[in-house]
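# Architecture and fold: a report
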Amino acid sequence: MAWHSIDWASCYRRVRSLQRRIVQAVRAGAWRKVKRLCYLLVHSFAGRALAVKRVTENAGKKTPGMDGERWDTPEKKAEAVDRLSRWQGYRPWPLKRVYIPKKNGQRRPLSIPAMIDRARQALYLQTLAPIAETTGDPHSYGFRPKRQCADAIDQGFKVLRQKTSATWILEGRVPGA
């Protein structure tokens, strides 16, 4: 299939529908159904196409991994969608290690996966994100999709305005980690 002929609205609708069904199954405690729906999402064309799109249209799209590949043409992207469907004998590539300088003069290690591994990670993220959001703490706001600082401030206000709430707030920070 050609990359430009993909119906993206249909792909988003299909993935969102499967994710919604996963959330419903998790809430119902039907873990066999969750497993089947996750399998469906991972092996669906829509899921694979959106995973490749996510990997090729982000800030790191120009960075090749250990395989030296870059999916920068529509033909390579379409071929990558097809490659994601092949699970027989799949083994992940080793990570490419790069050291980035920090402000204090030290260097921080960064590991860069191969493009195919990035796409597989994005594909599994589509599957696991609804489960994590459903089973996770409802009042956790850091690094979660569709959560923002205003939500945390609002929750803090709701908790602290009660007459039985705490008088003091202790804030802590761990430096340099």
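All figures in this text were calculated on a predicted structure; none of them were measured in a lab.

Examined bridge by bridge, strand S1 (residues 96-101) and strand S2 (residues 107-112) share 6 bridges and lie antiparallel to one another. In the strand pairing of S2, Val98 is matched with Leu110.

Counting through the fold element by element, Asp67 comes out in the loop between helix H3 (45-56) and helix H4 (74-84). Arg83 provides the closest opposite charge to the buried, salt-bridge-free Asp67, at an N-O distance of 5.1 Å. Excluding residues that lie within four positions of it along the chain, Asp67 makes contacts with Trp93, Ala114, Met115 and Ile116.

Contact geometry for helix H1 (residues 8-28) and H3: axes closest at 9 Å, N-to-C directions at 110°. Taken together, the axes of H1 and H3 are roughly perpendicular relative to one another. In this structure, H1 crosses over H3, and the sense of that crossing is left-handed. Along its contact with H1, which presents Trp8, Cys11, Tyr12, Arg14 and Val15, the element H3 presents Phe45, Ala46, Gly47, Ala49, Leu50 and Lys53. In terms of residue class, the contact of H1 with H3 is made up of 8 nonpolar, 1 polar and 2 charged.

Attention now goes to the confidence of the model for the protein. Where the model shows low pLDDT, its predicted coordinates should not be examined in detail. Across the protein, the average pLDDT comes to 90, with 99% of residues at or above 70. Mean pLDDT across the elements of the protein ranges from a minimum in helix H6 (residues 149-160), with 86, to a maximum in H1, with 97.

Moving on, we get to the packing of aromatic side chains. Under the counting rule described, the total for this entry stands at 3 aromatic pairs. Ring centres 6.0 Å apart and planes at 65° place the aromatic pair Trp87 and Tyr124 in the edge-to-face group. With a gap of 37 residues between them, Trp87 in the loop between H4 and S1 and Tyr124 in helix H5 (residues 115-135) connect regions that are remote in the sequence. The rings of Trp87, Tyr90 and Tyr124 are connected pair by pair, giving a single aromatic cluster. Cation over ring: Lys53 sits above Trp8, and NZ or CZ is 4.4 Å from the ring centre.

What counts and what doesn't
Along each chain, residue indices are assigned from 1 in the same order as the chain's sequence is written. Where local features are concerned, this predicted model is filtered to residues with pLDDT of at least 70; where side-chain atom pairs are given and counted, the filter is 80 or more; whole-chain, interface and lining totals use all residues. Neither water nor hydrogens contribute to the side-chain values; these are computed over all heavy atoms in the structure. DSSP-based pairing: two strands are paired if at least 2 bridges between them are found. In DSSP terms, a helix is any run of H or I states spanning at least four residues, a strand is any run of E spanning at least two, and both are numbered starting from the N terminus. Per-residue accessibility, obtained with a 1.4 Å probe over protein chains only, is compared with the maximum for each type, and a residue is labelled buried under 20%, exposed over 50%, and partly exposed between these values. For the charge count, each Lys or Arg is scored as positive and each Asp or Glu as negative, with His and the chain ends excluded. Just to be clear on terms, a salt bridge is a Lys or Arg side-chain nitrogen sitting within 4 Å of an Asp or Glu carboxyl oxygen. The contact rule is simple, with two residues in contact once any of their heavy atoms fall within 4.5 Å. Each axis is a line fitted through C-alpha atoms, and for a helix only the stretch in contact is used; angles between axes span 0 to 180 degrees, taken between their N-to-C directions. These descriptions rest on fixed angle ranges, namely under 35 degrees for roughly parallel, over 145 for roughly antiparallel, 65 to 115 for roughly perpendicular, and the rest for oblique. Take the far helix as your reference; a near helix turned counterclockwise from it by less than a right angle gives a left-handed crossing, and one turned clockwise gives a right-handed crossing. Amino acid classes used here: Ala, Val, Leu, Ile, Met, Phe, Trp, Tyr, Cys and Pro are nonpolar; Asp, Glu, Lys and Arg are charged; the rest, including Gly, are polar. Summary of the metric used: pLDDT quantifies the predictor's per-residue confidence within the range 0 to 100. Centres within 6.5 Å are what make two rings of Phe, Tyr or Trp a pair, Trp counting through its six-membered ring; a difference in plane orientation under 30 degrees is then read as stacked, over 60 as edge-to-face, and the rest as tilted. To sit over a ring, a charge needs its Lys NZ or Arg CZ within 6 Å of the ring centre and within 35 degrees of the ring normal.

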